[in-house]
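Listed below are the residues making up each chain.
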Amino acid sequence: MLFFEFGIKDIIDIVLVGAMLFYIYRLMKESRSLNVFMGILMFIVLWVIVSQVLQMKMLGSIMDKVLSVGVIGLVILFQEDIRKFLYNLGAHQRIRFFSHLFSNGDKNHDREALKQLIMPIVMACMCMSKKKVGALIVIQRVTPLDDIVATGELVDADINQRLIENIFFKNSPLHDGAMVIANQRIKAVGCILPVSHDLDIPKELGLRHRAALGITHESDCIAIVVSEETGGISVAIHSQFQLRLSAEKLESILTQEIVK
């Protein structure tokens, strides 16, 4: 009897629930919250057995109340992970990609305009790398960074190699913060970024690298880091680092990631 009641809709239901649990499992594993996830999963299984299979009304009612309060607690406890999950869920909106960031003309014109804007950034990073001047540059793509811009000093200047180098000069009062570039302009400097607490980040990478990774957790931006200790150039994109980059590799990454 049960066999005939099991239809295509039930199969779809099971597949969707399985996919959702697998995605949440991956998310919790990345954030080192896997034990918490397994505990929650075991509690849900127990709740289903008690309330649906054994139909224990009193115990089931108590567990219902615990679940309703627990959901609020989980939202508070995992707010950063939930935020990242929702961001990834809406990532398909990047289909139009980032061409509007630098120009609204035809594709060939976009690439020429892009090259003129990317080269000052690349050259500035190479000069600062040779002098071991620390720098952190964030390039906005689709996700607005208005909240980050608000934490710094508004500049709204043309992208210029000398200006970038002067801002990150060691005696400059704004050299410790991040520079935000958006819509073909240097929007703000001295900005404060969220710091990643990922334990997998190599210990030799400093606070600038953690800040670069932190902002890419929350948006689709590109974060460029010049190390003050080693002069190494790194790029963080989609919560992943690319380390020890040459000028050619940096230019290639920026070109590939900003205009496709």
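Our subject is the structure listed above.
Owing to the predicted nature of the structure, the values given are computational and were not obtained by experimental measurement. (Residues numbered from 1 in each chain as written. Predicted model: local features only at pLDDT ≥ 70, side-chain atom pairs only at ≥ 80, totals over all residues. Heavy atoms only, no water.)

Section: the overall build of the chain
For step 1, the next point in the chain: Tallying secondary structure elements over the chain gives ten helices and seven strands in all.
For step 2, the next point in the chain: Here the chain, with 260 residues, has 37% of them falling under the buried criterion.
For step 3, the next point in the chain: Taking all contacts inside the chain whose residues are at least 6 apart in sequence as the whole, residues at least 24 apart take part in 61%. (Helix = DSSP H or I, 4+ residues; strand = E, 2+ residues; numbered from the N terminus. Buried < 20%, exposed > 50% of the residue type's maximum accessible area, 1.4 Å probe, protein only. Contact = heavy atoms within 4.5 Å.)

Remarks on the nonpolar core
For step 1, the next point in the chain: With 32 residues, the main nonpolar core has Ile121, Ile137, Ile139, Ile164, Ile224, Leu250 and Leu254 as its most contacted residues.
For step 2, the next point in the chain: At the level of elements, α6 (107–131), β1 (135–139), α8 (161–167), β3 (178–182), β4 (185–191), β5 (222–226), β6 (233–237) and α10 (247–258) are the ones that each hand at least two residues to this core.
For step 3, the next point in the chain: With eight residues, α6 is the largest single contributor of residues to this core.
For step 4, the next point in the chain: Within the second largest apolar cluster, 17 residues are counted, among which are Ile148, Val180, Leu193 and Ala211. (Core = buried A, V, L, I, M, F, W, Y, C linked by side-chain atoms within 4.5 Å.)

Structural notes on the pattern of salt bridges
For step 1, the next point in the chain: Counted by the stated rule, this structure contains seven salt bridges.
For step 2, the next point in the chain: The closest approach of N and O atoms between lysine 187 and aspartate 156, which form a salt bridge, is 3.8 Å. Of the two residues, lysine 187 is situated in strand β4 and aspartate 156 in strand β2 (residues 153–158); the sequence distance between them amounts to 31 residues.
For step 3, the next point in the chain: A relative accessible area of 40% means that aspartate 156 is categorised as partly exposed. (Salt bridge = Lys/Arg side-chain N within 4 Å of Asp/Glu carboxyl O.)

A word on the environment of isoleucine 253
For step 1, the next point in the chain: Secondary-structure assignment places isoleucine 253 in helix α10.
For step 2, the next point in the chain: Exposure remark for isoleucine 253: the relative accessible area of 4% places this residue in the buried category.
For step 3, the next point in the chain: Sequence-wise, isoleucine 253 and isoleucine 237 are 16 residues apart; in three dimensions their C-alpha atoms are separated by 9.8 Å.
For step 4, the next point in the chain: Sequence-distant contacts of isoleucine 253, defined by excluding residues within four places in its chain, comprise Val235, Ile237, Gln242 and Leu245.

Quick word on the side chain of aspartate 220
For step 1, the next point in the chain: With respect to the element layout, aspartate 220 can be found in the loop between α9 (207–218) and β5.
For step 2, the next point in the chain: Comment: no salt bridge for buried aspartate 220; closest opposite-charge side chain is arginine 141, at 4.8 Å. (Lys, Arg positive; Asp, Glu negative; His and termini not counted.)

Comments concerning the pairing of β6
For step 1, the next point in the chain: Across the five residues that make up β6, a large majority, five, are buried.
For step 2, the next point in the chain: Of the two faces of β6, the one holding Ile233, Val235 and Ile237 and the one holding Ser234 and Ala236 are both buried throughout.
For step 3, the next point in the chain: The pairing of β5 with β6 spans five bridges and is antiparallel. Looking at β6, one finds that valine 225 is bridged to serine 234.
For step 4, the next point in the chain: Examined bridge by bridge, β6 and strand β7 (residues 240–242) share three bridges and lie antiparallel to one another. Bridging from a neighbouring strand, isoleucine 237 pairs with glutamine 240 of β7.
For step 5, the next point in the chain: Between β6 and β7, which pair antiparallel and follow one another directly, the connecting turn spans two residues, one of which, histidine 238, has a positive phi of 55 degrees. (Pairing = 2+ DSSP bridges.)

Describing the sheet that holds β3
For step 1, the next point in the chain: Taken in spatial order, the seven strands line up as β2-β4-β3-β1-β5-β6-β7 in an open sheet, and their pairing is mixed. Every interior strand has two partners, whereas the edge strands, β2 and β7, have only one. For this sheet, the mean inter-axis angle between neighbouring strands, taken without regard to orientation, is 25 degrees.
For step 2, the next point in the chain: Pairing of β2 with β4 involves four bridges; the strand directions are antiparallel. Across the sheet, residue glutamate 153 finds its bridge partner in β4, namely valine 189.
For step 3, the next point in the chain: Along the sheet, α9 contacts β1, β5, β6 and β7; its crossing angle with β5, the most-contacted strand, is approximately 175 degrees. (Axes fitted to C-alpha atoms, helices over the stretch in contact; angles between N-to-C directions.)

Here we look at the environment of phenylalanine 43
For step 1, the next point in the chain: Secondary-structure assignment places phenylalanine 43 in helix α3 (residues 34–53).
For step 2, the next point in the chain: Phenylalanine 43 gets classed as partly exposed once you look at its relative accessible area, which sits at 28%.
For step 3, the next point in the chain: With residues up to four places along the chain from it excluded, the contact list for phenylalanine 43 reads Met63, Val66 and Leu67.

A closer look at α10
For step 1, the next point in the chain: Taking 1.5 Å of rise per residue, twelve residues should cover 16 Å, and α10 covers 16 Å from first to last C-alpha, within 8% of that figure.
For step 2, the next point in the chain: When we look at burial in α10, the residues that qualify are Ala247, Leu250, Ile253, Leu254, Glu257 and Ile258. Around the axis of α10, the buried residues are gathered within 130 degrees of arc, so they sit on the same side. (Expected span 1.5 Å × (residues − 1). Arc of directions from axis to C-beta.)

Overview of unusual backbone geometry
For step 1, the next point in the chain: Residue lysine 132 is not a glycine yet carries a positive backbone phi of 55 degrees.
For step 2, the next point in the chain: As for its position among the elements, lysine 132 is in the loop between α6 and β1.
For step 3, the next point in the chain: The residue histidine 238 is not glycine, and still its phi comes out positive at about 55 degrees.
For step 4, the next point in the chain: Within the fold, histidine 238 resides in the loop between β6 and β7.

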